[in-house]
Amino acid sequence: MIVRPRREDHLVIATYTGKVIVGVGLLMLIPLAVSVAFAEWDTVVDFVISIAACMVFGFGVQYFFKTDKDLKWSHGLVVAAGSWIVATALGALPHFLSGHEGSYLDAMFDVMSGYTTTGLYLLQDLDHVSNGLNMWRHLLTYAGGQGIVVIALTFLFKGTAGAYKVYVGEGKDERLLPNVIQTARAIWLVSLVYLVVGTAALFAAGWWLGQGPARAFFHALWVFMGAWSTGGFAPQSYNTMWFHSLLYEVIAVVIFIAGSFNFAMHWAVWTGNRKEIVRNVETISFAITLTATTLIGTFWLGKIGVYSNAMSLFRKAFYNIASGHTTTGFSTIYSRAFVTQWGPIGLIATTIAMAIGASACSTGGGIKGIRMGVITKAFIQDIRRMVSPESAVVRAKYHHVRDVWLDDAVVRTAMTITIAYLSMYAIGAIVGALYGYDFVQAAFESVSAGSNTGLSCGVTSPLMPAVMKVMYILQQWLGRLEFMSVFALFGYGFAVLRGR
Amino acid sequence: MVDRSNLEEGYPTLTAHEHWGRYSAGMITEALFILALTLIAFGLAVIAMAIW
């Protein structure tokens, strides 16, 4: 029997969702300040309206649905999934009011893409967007990479018991430190240190390339945010190709690959366990699959002779495949060049890289390195079991911060989530094909949306059918939250309608 | 606001000066690992161009 949620359940969910939305409104103060600094008064008005809407909603639901009850597990999952939708709807206001979006759906698409660190966008005339809106786009992706709930955890939530449940619902389930708020702060510490160092490096590169100080600073900050969050947004429509600089590309590669690492791995390395980086199952898995997909892409592009020398081949193949594998979405080629220059093998190599994706508990998306590692270990374990005597006990373990025995429950969970990702990728590809797109291109775009990558081969555009826009929004959301909290939200809705 | 009574004793030391040496070493380790992967990719490009 499905139990209908009680009034108290609604109150708890509404209250915590309200807190997250207040956090979104407070976040808008930063782009508002940038707009004021650049005297972009139209953008200032857009942000004042948007902040007011967030505050009215956030404080309104906390006032009308006031409760002192703490969250249960199911509440945490529903709040995580639900608050992303509400935050997307309200976060889209500055985009829509800017006049750069074709519709409110397009604005929501871009905001979901930002929160989920995807990087696909439908915004038009990006090269003439105000500094305030550009700040908001990149802040969205930086905040989304941390997890908007992590932000709320850090600044707005009382208590830790309920907070941990929302934290898990957002797809991050590792405690770097015993206390979840300490964990959230350790994540912030790593991210902020990288923010300072990465922005400084990009700023120096931009200045050296001839940008003025203000432009070099903001481009550095925004490119950092796009890279670290594996979001892929950039301030120019040519993305990072706009810089035409090997130095800028190498710095970006270091930042986006570091951004794709598990925060638990970062914390282990940062606190003295430096060998962890070559022992961790996720970094080993990542190094193998990145090298394999780069090998396929590089040899294929070398064979068909698209690039005239080894340096050009390296810069284009490695940058774009690594960007895909880390689910960043930065590119140094035109979208259609994936089709017209890279051809089917190049597209497929990039698609595989995107599908595998980054590390768990990172800013990235995709199936995740830990699941690839666990499934591969389980596969090898099964083969060893088959060739061993019947009486032999064959056990395997993997290393992730500490040694973990590989048991059936771990393998089953990894397989379940992997199958869910593959099913989502397939459904997106089929829908794209049904709308008349080439299947390989539709698969590329579907995997890009579902793995929160953001590379595009040209399918994503404001002229795309509305059904595909909605589908990609759902794929981005499902992929980022790793299904469970979204399923919990649907289950909650079903229980409201059909429960007794 | 955050209820600070829930924070464990270790929290204030996260940003203490004595940690920064280890943090910097960790960051450099990560950058070197990534640059090693980048060099491997460059080697692949050189081999690919040599073959074709």
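As the structure is a computational prediction, the values presented were derived from the model and not from experiment.

A. Here's a closer look at the overall build of chain A. A count of helices and strands for chain A gives 23 helices and two strands. For chain A, whose C-alpha radius of gyration is 22 Å, the value lies close to the compact-globule estimate of 23 Å for 500 residues. The principal-axis extents of the C-alpha atoms in chain A amount to approximately 65 × 60 × 50 Å. Counting over 500 residues, chain A shows a buried share of 56%. Contacts spanning at least 24 positions in sequence make up 73% of the contacts within chain A whose residues lie at least 6 apart.

B. Layout of the overall build of chain B. Regarding its fold elements, chain B presents one helix and zero strands. Out of the 52 residues belonging to chain B, those deemed buried represent 21%.

C. Geometry of the nonpolar core. Formed by 150 residues in total, the largest nonpolar core has its most connected members in A:Ala81, A:Phe224, A:Ala252 and A:Ile255. The dominant element in this core, judged by the number of residues it contributes, is helix H10 (residues 180–208) of chain A, at 10 residues.

D. Main features of helix H20 (residues 408–434) of chain A. Residues and elements named next belong to chain A. Taking 1.5 Å per residue as the helical rise, H20 with its 27 residues ought to reach 39 Å, and the 38 Å between its terminal C-alpha atoms agrees with that figure. By the burial criterion, the buried members of H20 are Ala 414, Tyr 421, Met 424, Tyr 425, Gly 428, Ala 429 and Gly 432. At the exit of H20 stands Gly 436, carrying a positive phi of roughly 100°.

E. Representation of the interface of chain B and chain A. Contact with chain B, which involves 31 residues of that partner, is made by 40 residues of chain A. Grouping the constituent residues of the side of chain B that touches chain A by class yields 21 nonpolar, six polar and four charged.

F. Geometry of the packing of helix H15 (residues 281–304) of chain A against helix H19 (residues 369–387) of chain A. Residues and elements named next belong to chain A. Their axes nearest at 8 Å, the elements H15 and H19 cross at an angle of 90°. Comparing their axes, H19 and H15 come out roughly perpendicular. From H15, Val 281, Glu 282, Ile 284, Ser 285, Phe 286 and Thr 289 reach across to H19, where they touch Gly 369, Ile 370, Met 372 and Gly 373. Class assignment for the residues of the contact of H15 with H19 results in five nonpolar, four polar and one charged.

G. Fine view of the pairing of strand S2 (residues 402–405) of chain A. Residues and elements named next belong to chain A. With four bridges connecting them, strand S1 (residues 397–400) and S2 associate as antiparallel partners. Note on S2: the bridge partner recorded for Tyr 398 is Val 404. The antiparallel hairpin formed by S1 and S2 contains one residue in its connecting segment, where Val 401 sits at a positive phi of about 70°.

H. Structural view of unusual backbone geometry. Residue and element names in this part refer to chain A. Its identity is not glycine, yet Ala 39 carries a phi of approximately 55°, on the positive side. Tracing the chain through its elements places Ala 39 in the loop between helix H2 (29–37) and helix H3 (41–64). By the C-beta count within 10 Å, which is 8 here, Ala 39 ends up exposed.

What counts, and at which threshold
- Residues numbered from 1 in each chain as written.
- Chains lettered and ligands numbered in written order.
- Predicted model: local features only at pLDDT ≥ 70, side-chain atom pairs only at ≥ 80, totals over all residues.
- Helix = DSSP H or I, 4+ residues; strand = E, 2+ residues; numbered from the N terminus.
- Rg over C-alpha atoms; globule rule 2.2 N^0.38 Å.
- Buried ≥ 20, exposed ≤ 12 C-beta atoms within 10 Å, placed from the backbone.
- Contact = placed C-beta atoms within 7 Å.
- Core = buried A, V, L, I, M, F, W, Y, C linked by C-beta atoms within 7 Å.
- Expected span 1.5 Å × (residues − 1).
- Nonpolar A, V, L, I, M, F, W, Y, C, P; charged D, E, K, R; others polar.
- Axes fitted to C-alpha atoms, helices over the stretch in contact; angles between N-to-C directions.
- Parallel < 35°, antiparallel > 145°, perpendicular 65-115°, else oblique.
- Pairing = 2+ DSSP bridges.

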